[in-house]
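# Descriptive structure summary
Below, each chain spelled out in residue letters.
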Amino acid sequence: MAVAGRAQWKGYIRFGEVTAPVALYTATSTSERISFHTVNRETGNRVRREFVDSATGKPVQKEDQVKGYELDNDRYVVLEPEEVAAVVPESDKTLHVEAFISCEDIDKVYFDRPYYLTPDKMGAEAFALLRDGMHKKKVAAIAQTVLFRRMRTVLLRTHEKGLIATTLNFDYEVRSAKEAFKEIPEIKIKGEMLDLAKHIIGTKKGTFSADEFDDRYEAALAELVKAKMEGKTLPKRAPPKVSKPNELLEALRQSAGVKAAAEPKRRAGKAAAKGRAKVTRSAAAKAKTKTAAKSAPAQRRRAS
């Protein structure tokens with residue numbers, strides 16, 4: 001687990017008439033991941049990024065770079081840095097708690113980034129009052145403030161000795177689930193397949209512990225870098241085999257450790273035995289008819 005660094009934001013939290021000084025720390029970090037630079041394959045030198053004019057091809061200095069909102073192809077509304085700064089919401093550096101809600105009231109698809117919220121020494125008691133009250137009532141809090149130049153809605157939840165402050169996406173930022181899932185066909189699973197699926201799920205029940213899961217991509221990158229340093233090549237991995245619709249039942253049975261149902265085999269055995277008996281009876285009937293046909297002339301001669 002990454003160690004919290006310096007505070008990303010310092011301010012206050014206010015609920016009712018109670019105010020406490022607090023600080024936000026990033027709860028997640030990508031700094032421990034393996035990172036790469038872009039280099040020139042021929043020289044091995046690092047490549048420098050440069051902004052150039054799309055028409056003239058000439059470099060544009062930082063002081064000449066401004067924001068532009070595209071109206072249509074190659075037509076922009078140009079915004080000066082001071083104009084952009086002027087529309088940033090005014091901030092009183094305070095997380096204003098708007099409401100206390102059930103922890104299950106917000107769809108997790110709205111979750112953006114998590115932060116650790118901790119108290120300043122001077123506000124530890126007021127902070128503990130809010131934390132313990134939320135814990136006892138089993139609620140979360142919705143708060144708003146200006147974070148990183150934007151008005152943000154923040155979900156506050158109790159976590160160990162502190163609070164987790166999760167910034168929330170705005171409604172316009174979350175895509176429609178109906179739109180994403182509209183191409184999924186209507187399929188109803190029932191019978192043995194559903195029973196086996198439920199059985200497998202039941203045997204796989206567990207609890208989440210982050211340290212039990214490894215970043216296999218990160219490990220593979222480290223292995224690749226080590227192999228390249230040693231002049232080796234890694235073997236190519238075969239892609240996973242996708243279960244076909246006609247193989248699902250057998251795959252489920254193997255997953256659940258269940259052999260193919262015996263009933264169909266018994267039925268097949270009975271059907272085969274019945275078929276053999278029918279063939280035997282048919283052959284016996286034909287032999288009887290043939291014998292009768294042979295003995296008929298002799299019986300007619302004795303009668304005459």
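Structure: above.
All values reported here derive from a predicted model rather than from experimental measurement. (Residues numbered from 1 in each chain as written. Predicted model: local features only at pLDDT ≥ 70, side-chain atom pairs only at ≥ 80, totals over all residues. Heavy atoms only, no water.)

Among the secondary structure elements, Asp120 is positioned in the loop between strand 6 (111-119) and helix 2 (124-137). The exposure class of Asp120 is partly exposed, given its relative accessible area of 37%. For the pair Asp120 and Ala20, spaced 100 residues apart in sequence, the C-alpha separation works out to 7.7 Å. Once residues lying within four places of it in the same chain are set aside, the contact partners of Asp120 are Pro21 and Val22. Within polar-contact distance, the side chain of Asp120 engages the backbone nitrogen of Met122 at 2.9 Å. (Helix = DSSP H or I, 4+ residues; strand = E, 2+ residues; numbered from the N terminus. Buried < 20%, exposed > 50% of the residue type's maximum accessible area, 1.4 Å probe, protein only. Contact = heavy atoms within 4.5 Å. Polar contact = N/O pair within 3.5 Å; in protein donor to acceptor, adjacent residues only side chain to side chain.)

This part covers the pairing of strand 8 (residues 150-159). Two elements, strand 7 (residues 139-147) and strand 8, share seven bridges in a ladder whose sense is antiparallel. The partner of Ala141 across the bridge, within strand 8, is Leu156. Joining the antiparallel neighbours strand 7 and strand 8 is a turn of two residues, in which Phe148 adopts a positive phi near 55°. The pairing of strand 8 with strand 9 (residues 162-168) spans seven bridges and is antiparallel. Bridging across to strand 9, Thr158 finds its partner in Leu163. From the end of strand 8 to the start of strand 9, which pair antiparallel, there are two residues, and Glu160 there has a positive phi angle of about 50°. (Pairing = 2+ DSSP bridges.)

Taken as a class, soluble globular proteins show a tendency for nonpolar side chains to be buried jointly. In this structure, Ile13, Leu24, Leu95, Val97, Leu117, Met134 and Leu156 are the most contacted members of the largest nonpolar core, which totals 21 residues. Secondary-structure elements contributing two or more residues to this core are strand 1 (9-15), strand 2 (18-26), strand 5 (94-102), strand 6, helix 2, strand 7, strand 8 and strand 9. For this core, the element with the highest residue contribution is strand 7, accounting for four residues. Of all hydrophobic cores here, the second largest spans six residues; its members include Ile101, Ile106, Ala140 and Ile142. (Core = buried A, V, L, I, M, F, W, Y, C linked by side-chain atoms within 4.5 Å.)

What follows concerns the packing of aromatic side chains. Under the criterion given, the structure shown has two aromatic pairs. With centroids separated by 6.1 Å and ring planes inclined at 40°, the aromatic side chains of Tyr115 and Phe148 adopt a geometry described as tilted. A residue pair is termed long-range when its members are at least 10 positions apart, and Tyr115 in strand 6 and Phe148 in the loop between strand 7 and strand 8 qualify at 33 residues. Here Phe148 falls in the partly exposed class, since its relative accessible area comes to 42%. (Phe/Tyr/Trp six-rings, centres within 6.5 Å; stacked < 30°, edge-to-face > 60°.)

Spatial strand order, 1-2-6-9-8-7-5: seven strands in a closed barrel with mixed pairing. Neighbour-to-neighbour, the strand axes of this sheet turn through a mean angle of 40°, independent of strand direction. As defined by bridge partners, strand 1 adjoins strand 2 across seven bridges and the pair is classed as antiparallel. Paired with Arg14 across the bridge in strand 2 is Thr19. (Axes fitted to C-alpha atoms, helices over the stretch in contact; angles between N-to-C directions.)

Moving on to the side chain of Thr166. Topologically, Thr166 is positioned in strand 9. For Thr166, the side chain forms a polar contact with the side chain of Arg157, separated by 3.1 Å. Not counting residues up to four positions away in its chain, the partners in contact with Thr166 are Phe111, Asp112, Arg113, Pro114, Thr153, Val154, Leu155 and Arg157.

Everything listed here is a matter of geometry and, on its own, says nothing about what the molecule does.
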